[in-house]
Amino acid sequence: GVYSNPDSLQGRTLLNNLLPDTPYGVDSGGDPREIPNLTFDYFKGFHERFYHPSNAKFWFYGDDPPARRLELLDEFLRDFERKEVTSEIPRQPLWSEPRRVEHSFAVGKDEDISKKVMVSVSWVLSEDKPDLETSLALSVMDYCLMGTPGAPLRKALTDAGLGSRVIGGGLYEGLVQPTFSVGLKDIKATDAAAVEELITKTLEKVASERFEKEAIEAALNRIEFMNRELNTGGFPRGLSLMFSAVSNWNYGKDPFEGLRFDAPLKALREKLVEKGEPLLEGILREKLLNNKHRLTVTSKPDFEESSRIEAAEKARLERHRTSLSEDDIEALITATKELREMQETPDKPEELASVPRLELSDIPTETLKIPTQIGRLGSAEVLRNPQLTSGVVYVDVAFNLRDVPARLLPLLPLFTRGLREMGTKKSDFVQLQRRLDLATGGISASPLISSKRNSDEPVAYLVMRGKAMEGKIDSLMDLMGEIATEVTWENQSRFLQLAKESYAGGRSSLISAGHVVAAGRLGMQTTAAGWASEQMSGLSQFEAVGKLIQQAEQDWPAVEAQLRELQSCIFKDACVMNLTADADVLTRLDSHMETFIKRLPEGKASSPFWVPELA
């Protein structure tokens, strides 16, 4: 679980020590070592005080009548008396000197700990939440530094070859004060100082040489696209807006400020692009380089840590046991029995009726019907979905995976990532990302595997997704075609970077989400789709990536050949295109789609699907 996961321990130690004079200085989830100190009376009093409606915020979204909203609130609030609740989060006073923290995490006796250290450098950026224009400027700086594989800080750390992957996440504005964190995982203990020095030197270099103008424009376009699009995918938009609002609302700020981004974003663009002001460089110096509220956290593996924790727990239990009299022990037995009886006694019907719940009648009996128009363009089947999208065009292209040999399935996740992060014949991966950000809302690729009703065969596609404003649809389809047909696989060192990052992430997941791994192993025994999914995302894939790294280091041409084989198996013009846009925009897309289809190799997936041995 999270208390045995080194990544989680590092993040928790970082937060607790970066903001020590606030509630973030303690474990919000409840440290298992501290939970026994919690009395029931304190727990109950805390709940009564802070989980009272007087401390609640109410959010409505939709076109329902405002009067009905008030009636609903009254039904639930009428039985409560208002009380004053002080729940304001105090601000962390900024430090006058940087600080350092070291801690240990447990590892198995048979693990190689020669490169298992993690180090991160973090800052608190201001004494309070910044205004919206400053917040947008911080986001632009963060994207330019860390937001893409080619961003200078992320690239410098990756290219140094000191660790397996970049950690920290950069800018975070979800707390009472904004923070910035960056570091490396899986380094040698002797390289911790080198990582910290590399971070500082890279920031100094960027500040003195300035951010590239094109990078700033790409970041601004990316941020503006995300704000204007407001696409929450399958997540309810009302809830998404609420979660966005609480990052201000919970700290006494205007919950709707983030929606009014037009004017501050325009002012920021004018300063950065039109006037060329060194605003970002000034922020970088003030908030990072010259900021004394800096914390360096070093996490070190220790074979004895688990034994120390276990011994300390046993000693504590023994001290407590020896402090109990016979009467205390009897009282404890009685209290435990009473608690168990209370937990196992069913609630009375009138008590259950008082709990708000969703009734079956509240759930629509039919799913939402989208008026899809089905047609063809050349060899491709085309689905057109007229929807209000505020001028954004969404293009999904599904390529059948049935021609992919079973032996190559574990390579698919790295293949799909490499499509966008290996570069093409026209652009290296840094330039490619820049072109994507300048012209589109993003392009991605991922496998889609699912069982099929009344069939033993799975549904299996690689889905390439892209989005752009209608005026940029030419650029979008050109880039999607370029990625599918002109991706380059020659860069051995770049592929190894991606593979090692994937392997590090997989190892972390095995520790923190073992139940998910176990579920995947069970699922692979029942259906072909479950088997294929486990090959691409479970223990099988993790083990395969480990072997692939060794092979890539020793016999790169063989790995490159596998990547090219995947490319030739997947990208064919007999694909399925799913287009979503405003109704009038859909009528103007065919020529762009035809140009894309003509770039693809001719062919249709025809091989039989994989037939695994199932339980």
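Everything that follows concerns the structure shown earlier in this document.
Here goes a summary of the coordinates provided. (Residues numbered from 1 in each chain as written. Predicted model: local features only at pLDDT ≥ 70, side-chain atom pairs only at ≥ 80, totals over all residues. Heavy atoms only, no water.)

1. Points about the nonpolar core
Val-395, Phe-399, Phe-415, Phe-495, Ile-570 and Met-577 are the most contacted members of the largest nonpolar core, which totals 68 residues. Here this core takes seven residues from helix α16 (residues 473-486), the largest share from any one element. (Core = buried A, V, L, I, M, F, W, Y, C linked by side-chain atoms within 4.5 Å. Buried < 20%, exposed > 50% of the residue type's maximum accessible area, 1.4 Å probe, protein only. Helix = DSSP H or I, 4+ residues; strand = E, 2+ residues; numbered from the N terminus.)

2. Section: the environment of Gln-541
You can see Gln-541 is positioned in helix α20 (residues 539-554). On the basis of relative accessibility, which here comes to 10%, the residue Gln-541 falls in the buried class. Look past the residues within four positions of Gln-541 in its chain and what remains in contact with it is Pro-410, Pro-413, Ser-502, Glu-534, Gln-535 and Met-536. Only 3.3 Å separates the side chain of Gln-541 from the backbone oxygen of Pro-410, close enough to count as a polar contact. (Contact = heavy atoms within 4.5 Å. Polar contact = N/O pair within 3.5 Å; in protein donor to acceptor, adjacent residues only side chain to side chain.)

3. A few points about the pattern of salt bridges
Overall, the coordinates contain 54 salt bridges when judged by the stated rule. With its nearest N and O atoms 3.7 Å apart, the salt bridge here joins Lys-275 to Glu-270. Look at Lys-275 and you get exposed, because its relative accessible area is 54%. Residue Glu-270 is classed as partly exposed on the basis of its relative accessible area of 33%. (Salt bridge = Lys/Arg side-chain N within 4 Å of Asp/Glu carboxyl O.)

4. Brief notes about the packing of α16 against helix α23 (residues 590-599)
It is at 9 Å that the axes of α16 and α23 come closest, and there the two elements cross at 10 degrees. By the angle between their axes, α16 is roughly parallel relative to α23. Mapping the contact onto sequence places Ile-473, Asp-474, Met-477, Asp-478, Met-480, Gly-481, Glu-482, Thr-485 and Glu-486 in α16 and His-592, Met-593, Phe-596 and Arg-599 in α23. (Axes fitted to C-alpha atoms, helices over the stretch in contact; angles between N-to-C directions. Parallel < 35°, antiparallel > 145°, perpendicular 65-115°, else oblique.)

5. Concerning the sheet that holds strand β5 (residues 294-302)
One open sheet holds the five strands; their spatial order is β1-β5-β2-β4-β3, and the pairing between them is mixed. Since the sheet does not close on itself, it has two edges, and those belong to β1 (99-106) and β3 (165-172), each with one partner. Averaged over all pairs of adjacent strands, the angle between strand axes in this sheet comes to 15 degrees, irrespective of strand direction. With seven bridges connecting them, strand β2 (residues 117-124) and strand β4 (residues 179-187) associate as antiparallel partners. Bridging across to β4, Ser-122 finds its partner in Ser-181. Contacts between helix α1 (residues 6-18) and the sheet are confined to β1, β2, β3, β4 and β5, with β2 contributing the most and set at about 30 degrees to the helix. The strands touched by helix α6 (residues 192-209) are β1, β2, β4 and β5; relative to β2, the strand with the most contacts, the crossing angle is about 40 degrees. (Pairing = 2+ DSSP bridges.)

6. Let's talk about a negative patch on the surface
Negative charge collects at one region of the surface, where Glu-326, Asp-327, Asp-328 and Glu-330 lie side by side. Relative to the assigned elements, Glu-330 resides in helix α12 (residues 326-344). (Patch = residues over 30% accessible without salt bridge, like charges linked within 9 Å, V, L, I, M, F, W, Y side chains within 5 Å. Areas by Shrake-Rupley, 256 points an atom, 1.4 Å probe, with all protein chains shown as cover. Lys, Arg positive; Asp, Glu negative; His and termini not counted. Charge placed at Lys NZ, Arg CZ, Asp CG, Glu CD.)

7. So, the pairing of strand β9 (residues 442-451)
Two strands pair when backbone bridges link them, and β9 and strand β10 (residues 458-469) are joined in this way by 10 bridges, in the antiparallel orientation. By the bridge assignment for β10, Ser-450 is matched with Val-459. Where β9 hands over to β10, the hairpin turn is made up of six residues, of which Asn-454 adopts a positive phi near 60 degrees.

8. Describing the packing of aromatic side chains
Counted under the stated rule, the structure contains 10 aromatic pairs. An aromatic cluster is built from Phe-399, Phe-415, Trp-489 and Phe-571, whose rings are joined through pairwise contacts. The cationic tip of Arg-99 hangs over the ring face of Trp-95; the distance from NZ or CZ to the ring centre is 4.0 Å. Above the ring of Phe-429, the side-chain terminus of Arg-494 is found at 4.0 Å from the ring centroid. (Phe/Tyr/Trp six-rings, centres within 6.5 Å; stacked < 30°, edge-to-face > 60°. Lys NZ or Arg CZ within 6 Å of the ring centre and 35° of its normal.)

9. Some points on the pairing of β4
The buried count for β4 comes to nine of nine residues, which makes it a mostly enclosed element. Relative to β4, β3 runs antiparallel, the two being bridged by six bridges. By the bridge assignment for β4, Leu-171 is matched with Phe-180. Between β3 and the antiparallel strand that follows it, β4, lie six residues.

That's the geometry; what it means functionally is another story.
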